[in-house]
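One letter stands for each residue in the lines below.
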Amino acid sequence: MSDSDQFEAFMAAYQDMVYSTAFRLLGNEAEAQDVAQETFVRAWKHWDEIKDGQGSGGWLKTVARNLCLNHLERYRARWKFFTDLRRDDDEDEGREVEFAAPETLESTLLNADQKEMLEEAIAKLPKDQRVALVLYHYEDLDYADIAVRLKVSLGKVKTDIFRARQALLKKLQPQAEALGV
Amino acid sequence: MMPKQNDPLESWARETLRQIPDRRAPAALSRRVMAEIQRRAATPWYARPWLEWNPAAKAGSLVALPALGYGLWGVALPALREAIGAAPITREAASTLGAASVMGEAALSVGRAGWLTLSQVQPLYLACLAGAFAVAWISTLTLGTAAWRLARRND
C-alpha cells in the first residue's frame, strides 16, 4: 500500500471528526470544508510523524481547532473596530455571575429529528456563545482556557456558555421556560 | 474535565450534546484535499512561502538579499548615473526632459499660489474649516458603523 493510499484511508477514517469539529466551531459548511482541507494538507506534510496512528486523531483535532480559532480571530481582528462597540448581549462581560438553575433537569434520549434540530440550533447560536459552548463541551477546555484562547474575560465565557445552554434547552424543552431556566 | 455536581444545566447539556453524532463530511472533501496536495507539490520551491523553503535556500536568501541590495545601491546605481551623465542627450530625451521640467514648474506654481491663498485666510476660518471637516468625517464614520451593526444585528 503506497503512502498516498494509506493517507486516503486515514482521511476516510477521520474526515467526519475533523469536519464536525470545524463545523461546530464555525457554524458554516464552506468554511468548515476549507478548514478540514487545510487540516489534512498539514497532516500530509507531517505524514511521516503521524502515520503510525498513535495520537493522530488528537493531532488532527487540535490542528482543526487551532485553524478554526485562527480563522475566527482573523475575522474578529478585521472587524474589530465595528464589533468593539458594545452590543446588548455583552452587558455581563467581565462580571462573575452565579446563575440560577432548576434543581433537576432530566436528560432524555434524543430522536433523529431532535438531534438534527439541536445541531441546527448550535450552528445558529451567536458566534461567541457557539464557540465557547463547543470548546467547553466538545473540546473539553475549561472556562479559564477558553477565556485565554478567545482573549475574553472569564465572566464573558461563563455568560456565553450559560446562555447557549439555555437557548438549546428552550429549543428542546419548551416547558423549561416555565421552570424559570 | 468533570462536570460540576451542582449544576443540572451543565449536566443536561453535557449528556444531551454527547448524543449528537459527528456530521458527515462532504464526499468531495478527500478529492479536494488530494488535488490541493498535488497543486502545492507542483508549485516550484521559490513560489512557496519563505518559511517552507529548505534550510539551505533560506540561508542562501538571507545572504543573497543584502548582497543584492548592496550591489544595486552601492555599485549598479552609481555606475548607471555616471553612464547617463557621460552620454550625449538625444533630441527626444531633451524634449521629454523639457516637458517634465515645465510640468514640474507648473505644479510648483500652483502649490505656491495655494499656500499664498491659505496664508491670507484668517486662522479662525481655517480652524472652522478643519472642525467642519472633522465633524463630517466623524458623522460619516458613525453612520457607517450604525448601518453596519444594524445589518449584522441578527448574525
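Residues numbered from 1 in each chain as written. Chains lettered and ligands numbered in written order. Predicted model: local features only at pLDDT ≥ 70, side-chain atom pairs only at ≥ 80, totals over all residues. Heavy atoms only, no water.

## Section: the overall build of chain A
Here comes step 1: Across its full length, chain A carries 9 helices and 0 strands.
Here comes step 2: Beginning at the N terminus, the succession of helices and strands in chain A can be written as α-α-α-α-α-α-α-α-α.
Here comes step 3: Put simply, chain A has 181 residues, and 45% of those count as buried.
Here comes step 4: In chain A, the proportion of contacts linking residues at least 24 apart, taken out of those at least 6 apart, comes to 69%.
Here comes step 5: Summed over all atoms, the accessible surface of chain A reaches about 9600 Å², with 48% contributed by carbon and sulfur. (Helix = DSSP H or I, 4+ residues; strand = E, 2+ residues; numbered from the N terminus. Buried < 20%, exposed > 50% of the residue type's maximum accessible area, 1.4 Å probe, protein only. Contact = heavy atoms within 4.5 Å. Areas by Shrake-Rupley, 256 points an atom, 1.4 Å probe, with all protein chains shown as cover.)

## With respect to the interface of chain A and chain B
Here comes step 1: In this complex, chain A contributes 59 residues to the contact, which on the side of chain B involves 35 residues.
Here comes step 2: Contact between chain A and chain B buries roughly 4400 Å² in total, counting both sides, with carbon and sulfur atoms accounting for 61%.
Here comes step 3: In this structure, the connection of chain A to chain B is made through 8 salt bridges.
Here comes step 4: In this structure, Arg32 of chain B engages Asp34 of chain A in a salt bridge whose closest nitrogen and oxygen atoms are separated by 2.7 Å.
Here comes step 5: Counting the contacts that link chain A with chain B gives 13 residue pairs in polar contact (both at pLDDT 80 or more).
Here comes step 6: When residues of the side of chain A that touches chain B are traced back to their parent elements, those giving at least two are α1 (3-26), α2 (29-45), α5 (80-83), α6 (112-124), α7 (127-137) and α9 (154-172) of chain A. (Buried area = accessible area lost by both parts, 1.4 Å probe. Salt bridge = Lys/Arg side-chain N within 4 Å of Asp/Glu carboxyl O. Polar contact = N/O pair within 3.5 Å; in protein donor to acceptor, adjacent residues only side chain to side chain.)

## Here's the deal with the packing of α9 of chain A against helix α1 (residues 8-17) of chain B
Here comes step 1: One can describe the packing of α9 of chain A onto α1 of chain B by two numbers: an axis separation of 10 Å at closest approach and a directional angle of 65 degrees. Where α9 of chain A crosses over α1 of chain B, the handedness of that crossing is left-handed. Facing α9 of chain A, whose interface residues are Phe162, Arg165, Gln166, Leu168, Leu169 and Leu172 of chain A, α1 of chain B presents Leu9, Glu10, Trp12, Ala13, Thr16 and Leu17 of chain B.
Here comes step 2: Looking at side-chain class alone, the contact of α9 of chain A with α1 of chain B contains 8 nonpolar, 2 polar and 2 charged residues. (Axes fitted to C-alpha atoms, helices over the stretch in contact; angles between N-to-C directions. Left-handed = near helix turned anticlockwise from the far one by under 90°. Nonpolar A, V, L, I, M, F, W, Y, C, P; charged D, E, K, R; others polar.)

## Some words on a nonpolar patch on the surface
All names here are of chain B.
Here comes step 1: On the surface, a nonpolar cluster with roughly 650 Å² of combined accessible area is contributed by Trp115, Leu118, Val121, Tyr125, Leu126 and Leu129.
Here comes step 2: Only α4 (91-120) and α5 (123-151) provide two or more residues apiece to the nonpolar patch.
Here comes step 3: Take the nonpolar patch: its biggest share by element is 3 residues, from α5.
Here comes step 4: Mapped onto the secondary structure, Leu129 falls in helix α5. (Patch = residues over 30% accessible without salt bridge, like charges linked within 9 Å, V, L, I, M, F, W, Y side chains within 5 Å.)

## Comments concerning the environment of Ser4 of chain A
Here comes step 1: On the secondary structure map, Ser4 of chain A appears in helix α1.
Here comes step 2: The partly exposed category is assigned to Ser4 of chain A, whose relative accessible area is 27%.
Here comes step 3: Put simply, Ser4 of chain A and Trp44 of chain A are 40 residues apart on the chain and 9.1 Å apart in space, counted from C-alpha to C-alpha.
Here comes step 4: Ignoring sequence-local partners within four residues, the contact set of Ser4 of chain A consists of Trp44 of chain A together with Met34 of chain B.

## What about the environment of Ile161 of chain A?
Residues and elements named next belong to chain A.
Here comes step 1: Mapped onto the secondary structure, Ile161 falls in helix α9.
Here comes step 2: On the basis of relative accessible area, Ile161 is assigned to the buried category, the value being 0%.
Here comes step 3: Note: C-alpha distance between Ile161 and Leu135 (26 residues apart in sequence) is 9.6 Å.
Here comes step 4: Those residues within four positions of Ile161 in sequence are excluded, and the remaining contacts are Ala132, Leu133, Tyr136, Tyr143 and Ile146.

## Considerations on the nonpolar core
Here comes step 1: By size, the foremost hydrophobic cluster in this structure holds 61 residues, and its most contacted members are Phe7, Phe40, Ile146 and Leu168 of chain A together with Leu17 of chain B.
Here comes step 2: Among the elements that line this core, the one with the most residues is α1 of chain A, at 10 residues.
Here comes step 3: In contact with Leu168 of chain A, not counting residues within four places along its chain, are Leu118, Ala121, Ile122, Leu125 and Leu133 of chain A together with Trp12 and Leu17 of chain B. (Core = buried A, V, L, I, M, F, W, Y, C linked by side-chain atoms within 4.5 Å.)

## Some thoughts on the pattern of salt bridges
Here comes step 1: What the rule picks out here adds up to 20 salt bridges over all chains.
Here comes step 2: One salt bridge in this structure joins Asp48 of chain A and Lys51 of chain A, with 3.7 Å as the shortest N-O distance.
Here comes step 3: Under the relative-accessibility criterion, Lys51 of chain A is labelled partly exposed at 34%.
Here comes step 4: Bridged by salt links that share partners, the residues Glu38 and Arg42 of chain A together with Glu36, Arg39 and Arg40 of chain B form one connected network.

## Topic: empty space enclosed by the protein
Here comes step 1: The full count for this structure, using the stated rule, is 1 cavity of 30 Å³ or more.
Here comes step 2: Of the voids in this model, the largest cavity is the one considered here, and its volume is about 70 Å³.
Here comes step 3: What lines the largest cavity is simply Ser20, Phe23, Arg24, Glu119, Ile122, Ala123 and Tyr138 of chain A together with Arg23 of chain B.
Here comes step 4: Of all the secondary-structure elements, those providing two or more residues to the lining of the largest cavity are α1 and α6 of chain A. (1 Å grid on protein atoms, 1.4 Å probe; cavity = no way out; pocket = protein on both sides within 12 Å on 5 of 7 lines; lining within 4 Å. Points joined across faces, edges and corners; volume = space filled by probe spheres on them.)

## Focus: α1 of chain B
Here comes step 1: By the criterion of burial, α1 of chain B is predominantly enclosed, with 8 of the 10 residues buried.
Here comes step 2: Buried within α1 of chain B are the following residues: Pro8, Leu9, Glu10, Trp12, Ala13, Arg14, Thr16 and Leu17 of chain B.
Here comes step 3: Buried-residue contacts for α1 of chain B involve α6, α7, α8 (143-150) and α9 of chain A.
Here comes step 4: For α1 of chain B, the N-terminal capping position is held by Asp7 of chain B, with its side-chain oxygen 3.2 Å away from the main-chain nitrogen of Leu9 of chain B.

## Some words on the confidence of the model for chain A
Low-pLDDT portions of the prediction should not be read for the details of their coordinates.
Here comes step 1: With 78% of its residues at a pLDDT of 70 or more, chain A shows a mean pLDDT of 83.
Here comes step 2: Predicted confidence is poor over residues 88-92 of chain A, with pLDDT under 50, and the contacts of this stretch with residues over four places away or in other chains come to 6 contacts. (pLDDT = per-residue confidence, 0-100.)

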